[in-house]
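Here is what each chain is made of, one letter per residue.
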Amino acid sequence: DDLVRLGSLTPEMAQFLRAAARARLNLLISGGTGSGKTTLLGAIAAHIPAEERLVIIEDMNELRLEREHVIYLESRPPNVEGKGEVTIRQLLRNALRMRPDRIIVGEVRGEEALDMLQAMNTGHEGSLTTIHANSPQDALRRLEAMVTMSGAQLPVRVLREHLVAALNIVVQTQRFEDGSRQVVAIDEVRGVGESGELQVVPVFRFERAGVDAEGLVAGEFRTAPEPPACLRRMRGYGVHAELGPLLADWGEGP
C-alpha cells in the first residue's frame, strides 16, 4: 500500500503481484543498487499465506516477516585464518532439508543461482529472489552466466529451458535521477523460441515521457492488452478475483 501511495506502482500492479505470490509463482526481482529490490521483495513476501513454512537466506538479515513459520539463515565470511566460511550456496543446499514450502534468497550473485533454480523447479514453487540487472532480459542473461559459473555443463538451449521451467515472472525496479523508485516492468517468462532465445512478454510497463517543470520524472504505467498465461494458474488457486478491474481490461470474466 505504501508503494502504491508513493507512486512506485499502480494498484493493479500491486494486485497482480499479490495474486502471483498467493498462486505460488516463482518471482525474480531485478534492478540496480538502491532501486528498492529488497523492499519490494519484503512487500510481496508479506502476502504469502501464513501457514506456509519459509526459509529466508541472506548475506545480512534485512527481511523481517511477522509470521510464525519462518527460518532465517545468514552466510558467514571466512575468519582471519581463512576458515569457517558459510556460503549462500551451502545454505541453499541445507535449506532443502528443512522442508520449506518456499525459499527466499535475498540476492543471487554467483554459483548459487543453479541451486536456486533447481529448488524452484523441484517442489518449492512460489520462491523469490533478487538480482542486479538493468532489464528483465539482462536479468535472465546474468542468471545464465551465473549457472555457467557453477560448473554446470549444459547446452545453451537446455539451460534456457531450465530457466523457463523455473521462473514465471520478472519484476524490474529502477531508481531515477530525481530519487524516485519505480517498478518499471513486470514481465512473464513464456518459453524458448525457435531461434533459441528466451521469450519474455510484458504484462505491465512504465513509459517515461520526460521531466516536468519541477525536475521530476514523468510518465505513465501501461497494461498489456492480452492477459498473461499465468492467469490460468491464478484461477486454479482461486486468487484471480483479487485482480479486480484487470480481469475486465483483459476481457476475462470473474
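Above this text sits the structure in question.
Draft legend 1. Seen up close, the overall build of the protein chain. Across its full length, the protein chain carries 9 helices and 9 strands. Relative to the globule expectation of 18 Å for 254 residues, the C-alpha radius of gyration of the protein chain, 18 Å, shows essentially globular dimensions. On the principal axes, the C-alpha backbone points of the protein chain span a range of 55 × 45 × 40 Å. A burial count over the protein chain gives 48% of its 254 residues as buried. Carbon together with sulfur atoms contributes 48% to the accessible area of the protein chain, which is approximately 12500 Å² in total. With 29 positive and 36 negative side-chain charges, the protein chain shows a separation of 5 Å between the mean positions of the two kinds.

Draft legend 2. Up close: the side chain of Lys37. Note on placement: Lys37 falls in helix 3 (residues 37-45). No salt bridge forms around the buried Lys37; measuring N to O, its nearest opposite-charge neighbour Glu107 is 5.7 Å away. Once you skip the residues sitting within four places of it in the chain, Lys37 turns out to touch Ile29, Ser30, Gly31, Gly32, Thr130, Ile131, His132 and Thr173.

Draft legend 3. Region of the structure containing the environment of Arg175. Relative to the assigned elements, Arg175 resides in strand 6 (residues 169-175). With 144 residues separating them along the chain, Arg175 and Gly31 place their C-alpha atoms 8.5 Å apart.

Draft legend 4. Spatial organisation of unusual backbone geometry. Unlike most non-glycine residues, Arg24 shows phi in positive territory, near 60°. Position of Arg24 among the secondary structure elements: in the loop between helix 2 (11-22) and strand 1 (27-31). Owing to a relative accessible area of 14%, Arg24 belongs among the buried residues under this scheme. A positive phi angle is found at Arg99, which is not glycine, with a value near 55°. You can see Arg99 is positioned in the loop between helix 4 (88-95) and strand 4 (102-105).

Draft legend 5. A look at the packing of helix 5 (residues 112-120) against helix 6 (residues 136-149). Relative to each other, helix 5 and helix 6 sit at 110°, their axes nearing to 7 Å. As summarised for this structure, helix 5 and helix 6 are arranged roughly perpendicular, according to the angle between their axes. Across from Ala113, Leu114 and Leu117 in helix 5, the residues of helix 6 making contact are Leu143, Met146 and Val147.

Draft legend 6. Up close: the environment of Gln15. Mapping Gln15 onto the fold places it in helix 2. Taking relative accessible area as the criterion, Gln15 reaches 19% and is therefore assigned buried. For the pair Gln15 and Gly244, spaced 229 residues apart in the sequence, the C-alpha separation amounts to 8.0 Å. In this view, Gln15 contacts Glu242, Leu243, Gly244 and Pro245; residues no more than four positions away in its chain are not counted.

Draft legend 7. Focus on the pairing of strand 6. Here strand 6 lies mainly inside the structure; 5 of its 7 residues are buried. Direction of pairing for strand 1 relative to strand 6: parallel, over a ladder of 4 bridges. Paired with Leu27 across the two strands is Ile169, which belongs to strand 6. Relative to strand 7 (residues 181-192), strand 6 is paired through 7 bridges, and the arrangement is antiparallel. The residue bridging Val170 from the neighbouring strand is Asp187, located in strand 7. In this structure, the hairpin formed by strand 6 and strand 7 is closed by a connection of 5 residues, where Gly179 is found at a positive phi of approximately 95°.

Draft legend 8. Highlighting helix 4. Buried within helix 4 we find Ile88, Arg89, Leu91, Leu92 and Ala95. Buried residues of helix 4, seen end-on, are gathered within an arc of 160° and therefore sit on one face of the element. Looking at the buried positions of helix 4, the neighbouring elements they touch are strand 2 (54-58), strand 3 (70-74), strand 4 and helix 5.

Draft legend 9. A look at the nonpolar core. Ranked by internal contacts, the top residues of the largest apolar core, which has 38 residues, are Phe16 and Met234. By size, the runner-up hydrophobic cluster in this structure holds 34 residues, among which are Ala95, Ala113, Ala139 and Leu167.

Draft legend 10. Highlighting the packing of aromatic side chains. Tallying each qualifying case throughout the model produces 4 aromatic pairs. Ring plane angle 55° and centroid distance 5.0 Å describe the contact between Phe206 and Phe221, whose orientation is recorded as tilted. In this pair, Phe206 is assigned in strand 8 (residues 198-211) and Phe221 in strand 9 (residues 217-223), connecting sequence segments 15 residues apart. You can call Phe206 buried: its relative accessible area is 11%. The exposure class of Phe221 is partly exposed, given its relative accessible area of 25%.

Basis of the calculations
Residues numbered from 1 in each chain as written. Predicted model: local features only at pLDDT ≥ 70, side-chain atom pairs only at ≥ 80, totals over all residues. Heavy atoms only, no water. Helix = DSSP H or I, 4+ residues; strand = E, 2+ residues; numbered from the N terminus. Rg over C-alpha atoms; globule rule 2.2 N^0.38 Å. Buried < 20%, exposed > 50% of the residue type's maximum accessible area, 1.4 Å probe, protein only. Areas by Shrake-Rupley, 256 points an atom, 1.4 Å probe, with all protein chains shown as cover. Lys, Arg positive; Asp, Glu negative; His and termini not counted. Charge placed at Lys NZ, Arg CZ, Asp CG, Glu CD. Salt bridge = Lys/Arg side-chain N within 4 Å of Asp/Glu carboxyl O. Contact = heavy atoms within 4.5 Å. Axes fitted to C-alpha atoms, helices over the stretch in contact; angles between N-to-C directions. Parallel < 35°, antiparallel > 145°, perpendicular 65-115°, else oblique. Pairing = 2+ DSSP bridges. Arc of directions from axis to C-beta. Core = buried A, V, L, I, M, F, W, Y, C linked by side-chain atoms within 4.5 Å. Phe/Tyr/Trp six-rings, centres within 6.5 Å; stacked < 30°, edge-to-face > 60°.

Honestly, it's all geometry; don't read function into it.
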